[in-house]
Each structure stands twice: as C-alpha cells, then as structure tokens.
Amino acid sequence: MTGEVTAVSRNEVYSFTKPNREGITLLKGLGVDGDVHAGVTVKHRSRVAQDPTQPNLRQVHLIHEELFAELAEAGFRVAPGELGENVTTRGLDLLGLPVGTLLRIGAEAVVEVTGLRNPCLQIDHFQDGLLKQVVGRDEAGRVVRKAGIMGVVVEGGAVRPGNTIEVKLPEGPHRPLDRV
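Just so we're clear, the structure is a prediction, and the values are computed from it rather than from any experiment.

Student: Could you clarify how one ought to interpret the overall build of the chain in this entry?
Tutor: Within the chain, the regular secondary structure consists of four helices and 13 strands. Each principal axis of the C-alpha distribution contributes one length, and for the chain these read about 40 × 35 × 35 Å. Counting all 180 residues of the chain, 44% fall into the buried class. Of all intrachain contacts in the chain linking residues separated by at least 6 positions in sequence, the fraction that spans at least 24 positions is 69%. Carbon and sulfur atoms make up 49% of the accessible area of the chain, which amounts to about 9,100 Å² in all. Mean positive and mean negative side-chain charge positions of the chain (21 and 23 charges, respectively) differ by 5 Å.

Student: So what exactly am I meant to see when it comes to the side chain of His 64 here?
Tutor: Summarising the element assignment, His 64 is placed in strand S5 (residues 60-64). Excluding residues within four positions of it along the chain, His 64 makes contact with Thr 89, Leu 92, Leu 94, Leu 95 and Lys 146.

Student: Just to check I follow, could you spell out the pairing of strand S7 (residues 102-105) for this structure?
Tutor: Of the two faces of S7, the one holding Leu 103 and Ile 105 is buried and the one holding Leu 102 and Arg 104 is not buried anywhere. Where S7 folds back on strand S8 (residues 109-116), the antiparallel hairpin that results is connected by three residues, among which Gly 106 adopts a positive phi of roughly 70°. Pairing analysis gives four bridges linking S7 to strand S13 (residues 164-168), with the strands arranged antiparallel. Note on S13: the bridge partner recorded for Leu 102 is Lys 168.

Student: Quick question: what am I supposed to make of the environment of Ala 69 here?
Tutor: Within the element layout of this structure, Ala 69 appears in helix H2 (residues 66-73). The class of Ala 69 is partly exposed, set by a relative accessible area of 45%.

Student: Sorry, what's going on with the sheet that holds strand S12 (residues 157-159) here?
Tutor: Paired through their backbone hydrogen bonds, the strands of a sheet run either parallel or antiparallel. What the three strands build is an open sheet, ordered S4-S3-S12; its pairing is antiparallel. The open sheet has two free edges, formed respectively by strand S4 (31-32) and S12, since each of these has just one partner strand.

Student: Would you mind showing me how to read the pattern of salt bridges here?
Tutor: Think of it this way: side chains of opposite charge can pair up when their charged atoms draw near. Within the structure shown, the criterion is met by seven salt bridges. Residue Arg 90 pairs with Glu 65 through a salt bridge whose shortest N-O separation is 2.9 Å. With Arg 90 in strand S6 (residues 87-90) and Glu 65 in the loop between S5 and H2, this pair connects stretches of sequence that are 25 residues apart. Looking at Arg 90, the relative accessible area reads 37%, which means it is partly exposed.

Student: Would you mind going over H2 with me for this structure?
Tutor: Helical geometry note: an α-helix holds 3.6 residues per turn, so side chains three or four residues apart project in the same direction. Here H2 has its buried residues at Leu 67, Phe 68 and Leu 71. The arc that holds every buried residue of H2, seen down its axis, measures 100°, which confines them to one face. Of the surrounding elements, those touching the buried residues of H2 are S5, S6 and helix H4 (130-134). Once H2 ends, the next one or two residues include Gly 75, with phi positive near 95°.

What counts and how
Numbers given for residues are sequential positions, taken from 1 along each chain in its written order. It should be noted that, the model being predicted, local features are given only for residues of pLDDT at least 70 and side-chain atom pairs only at 80 or more, the latter also being counted only at that level, while totals for whole chains, interfaces and linings use all residues. Water and hydrogen atoms play no part in the side-chain values, which are based on all heavy atoms of the structure. Only DSSP runs of H or I reaching four residues or more are called helices, and only runs of E reaching two or more are called strands; each is numbered from the N terminus. Any residue under 20% of the maximum accessible area for its type is buried, any over 50% is exposed, and the rest in between are partly exposed; the area is computed with a 1.4 Å probe on protein chains only. Residues count as neighbours in contact if any of their non-hydrogen atoms are within 4.5 Å of one another. To measure how exposed things are, a 1.4 Å probe is used in the Shrake-Rupley method; for residues, cover is taken only from the protein chains shown. Residues scored as charged are limited to Lys and Arg (positive) and Asp and Glu (negative), so that His and the chain ends carry no count. Think of each charge as sitting on NZ of Lys, CZ of Arg, CG of Asp or CD of Glu. We treat two strands as partners when DSSP finds at least two bridges between them. One speaks of a salt bridge when a side-chain nitrogen belonging to Lys or Arg is within 4 Å of a carboxyl oxygen belonging to Asp or Glu. It is the directions from the helix axis to the C-beta atoms whose arc is reported.

Okay, structure coming up:
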C-alpha cells in the first residue's frame, strides 16, 4: 500500500491554518522542525491546560487530499494546510489505518500512527458549518471523525511534495483508530 505527499505545511505560531512549504523536516521524537506543535510533551492548548506532562501523540497531523473534494461537494473550499495539517496525502485510506501503522515518507522519515484528530469548534470559525462535515455519525450512531490522523516521528528526515508514502501495518490484531 502506497500513497503520495501532495503538500507539506508548518507554522511557528499558534494558528488554525499552516502555510504550505517547499519541504519540512521531521525530528525523531519531536515532530515537525519549526512547528509550534513539536515537542515531547503535548503542545495543543486544550491538552496543555489539562496536563502539560502528557506525551505528545500529536506530533504530526496528516490529512487525505480526498477529503477536500468531499468537502467541495458540500459547498466548502478547503486547500492543503488550511485545516492545520502538516502533511497532505493522496491515495491512502488514512482513516482506515490501525494504531501503530508505520508510514515511511520519502527516503528517511517514519511516522507511527497514534490516532484520529478530534477537531474542535475552531473549525467552524474557519468556515461556518465545517465541523458537521468532518465529524458526524454512521448508521449505527457511532461518531465518525474525518479530519485526518495524528502520529509521532520514529525516524526523522526531510519530507516534500511528491514523496512516496509506504505503509507498514502492525503485526497481530489491529486496533482501530480513536481520537488522540
């Protein structure tokens, strides 16, 4: 199973969106070099308020580009980086990956998938009504989160648009993604 990087983004300051870059560097155990969310412990404001010593399981945020087409059908215009992701992908079912999946991005970088992004109300400040498009319920009433996945950097390296993403599923029974 392989996919492709279509855009990379980072921001040095807290902001909902992240500007696209020509490339980013992933740092082992930390996240995206120069990104406000990089670090060993949590950096998201709501998590820091709860317990600033929690491990940062949200070092890298990945979103599938296919979501943007789905949102466009519902009348929303969203471009790479605008939902705060670091890596925009194409050709991978990110939401269907199990916890512990390894994503080799480019020649060196490896990200271990930790869970689903749990979008907050800020997404409606970006575009009114967008939250209902990325968080909903399935036929059984279970919450469905579509705003991408989170991971931690297990091997650092450069990441650029056009890089291939190779998927290595974990051994044993697979645990479905849950919010982190």
